[in-house]
Amino acid sequence: MNIFYGILLGLVQGVAEFLPISSSGHLALFENILGATGGAAVAAMDDSAFFNVMLHFATLVAVVIAYWPDVRDMIVEFIAMVKGVAKGESLTSGNVPTRRLILMIIVSTLPLFIVLPFHHKIEELNALPWFIGAALLVTGLLLFLADRMPQGEKTERDMTIWDAVFIGIAQGVATIPGLSRSGTTITAGMSRGLNRQFAVKFSFLMSLLSVLGAVLLSLLDVIQDGVEPGILAPCLVGMVVAGVSGYFSIKLLQKLVAKGKFGGFAYYCWGVGALSIVLSLILH
């Protein structure tokens, strides 16, 4: 792993994590294709769990910065909510919209615990380029349908528990490589009548808990396996690239979804998905 590939993978992570094209799918395809071609590319793409964990942490920071007013309000309100419950107050007291948003995010994260036992099995799918290609075709279909959904009106004030559960299930399914987490959850939210802009915000805010949990779990494995000294410089550069590109990707997606412009990403996913299937047949 060198600085060049640190920049390259950081850019892939930052852009694909938030644009609805599946970061896990793209990283896996990138490594599989280079691995199949052999040579120096394979050595450069030598996998590092620590590197992957830090890239995800960088994109988590990008979400916090992009939605800082909301994150700040949720932190303040969560502390107030815990204190209030300890005093016997109702959950509905205080800043009701923010408290509802917190509760909905918690509920939408719960389905991930169903997926957790199958975590390693899902990771094994990263070695199957044809499967990732097929999943990208499905992602493209979801985005194509999302463009054609009517504008919803629901926000944190009136979305229901079942809306949160449905979006949470979509997030769990989207752990499959090739299925875009943002694209799948935003489409799921819009199908439940969420306002387009709020569907984007909810998707990214709910990712904070899931990504933080994944980072902590992966970090435990990293501590056991140790960190290669040579990975530190590429990792730092990759984190900066992932964080900056991730922030601007969030801003871009906010504008595109508000205008109902998912179509371009749908065609992109179809193109990459079809190409991945073809290349997997040729190279393997």
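Criteria and thresholds
Residues numbered from 1 in each chain as written. Predicted model: local features only at pLDDT ≥ 70, side-chain atom pairs only at ≥ 80, totals over all residues. Heavy atoms only, no water. Axes fitted to C-alpha atoms, helices over the stretch in contact; angles between N-to-C directions. Helix = DSSP H or I, 4+ residues; strand = E, 2+ residues; numbered from the N terminus. Parallel < 35°, antiparallel > 145°, perpendicular 65-115°, else oblique. Contact = heavy atoms within 4.5 Å. pLDDT = per-residue confidence, 0-100. 1 Å grid on protein atoms, 1.4 Å probe; cavity = no way out; pocket = protein on both sides within 12 Å on 5 of 7 lines; lining within 4 Å. Points joined across faces, edges and corners; volume = space filled by probe spheres on them. Nonpolar A, V, L, I, M, F, W, Y, C, P; charged D, E, K, R; others polar. Left-handed = near helix turned anticlockwise from the far one by under 90°. Buried < 20%, exposed > 50% of the residue type's maximum accessible area, 1.4 Å probe, protein only. Core = buried A, V, L, I, M, F, W, Y, C linked by side-chain atoms within 4.5 Å.

At a minimum axis distance of 9 Å, the contact between helix H5 (residues 68–86) and helix H6 (residues 96–109) shows a crossing angle of 90°. Considering the angle they form, H5 stands roughly perpendicular to H6. The residues of H6 that touch H5, namely those facing Asp73, Met74, Glu77, Phe78, Ala80 and Met81, are Thr98, Arg99, Leu101, Ile102 and Ile105.

The next thing to look at is the confidence of the model for the protein. On average, residues of the protein score 85 in pLDDT, and 88% of them reach the 70 mark or higher. At the low end of the mean pLDDT range in the protein sits helix H3 (residues 40–44), at 42; at the high end sits helix H10 (residues 161–173), at 96. Confidence drops under pLDDT 50 across residues 37–47; counting only partners more than four residues distant or on other chains, this segment forms 17 contacts.

Our next topic: the layout of surface pockets. When its volume is computed, the second largest pocket comes out at roughly 360 Å³. Lining the second largest pocket are 13 residues, and of these Met74, Ile75, Leu205, Leu208 and Leu209 lie nearest its centre. Split by residue class, the lining of the second largest pocket holds 13 nonpolar, no polar and no charged.

Further remarks concern the packing of H10 against helix H11 (residues 181–191). Where H10 contacts H11, the two axes come as close as 9 Å, and the packing angle between them is 160°. With respect to H11, the axis of H10 lies roughly antiparallel. Where H10 crosses over H11, the two elements pack in a sense that is right-handed. Between H10, through Phe166, Ile167, Ala170 and Gln171, and H11, the contact on the second element is made entirely by Arg181, Thr184, Thr185, Ala188, Gly189 and Ser191. Considering only residue class, the contact of H10 with H11 consists of four nonpolar, five polar and one charged.

What follows is about unusual backbone geometry. Phi angles above zero are rare outside glycine, and serine 22 is one such case at about 70°. Mapping serine 22 onto the fold places it in the loop between helix H1 (3–18) and helix H2 (23–37). The class of serine 22 is buried, set by a relative accessible area of 3%.

Bringing the nonpolar core into the picture now. In this structure, Tyr67, Met159, Phe202, Phe204, Leu205, Leu253 and Phe262 are the most contacted members of the largest nonpolar core, which totals 61 residues. The contact partners of leucine 205, leaving out residues within four places of it in the chain, are Tyr67, Asp70, Val71, Met74, Leu101 and Ile105.

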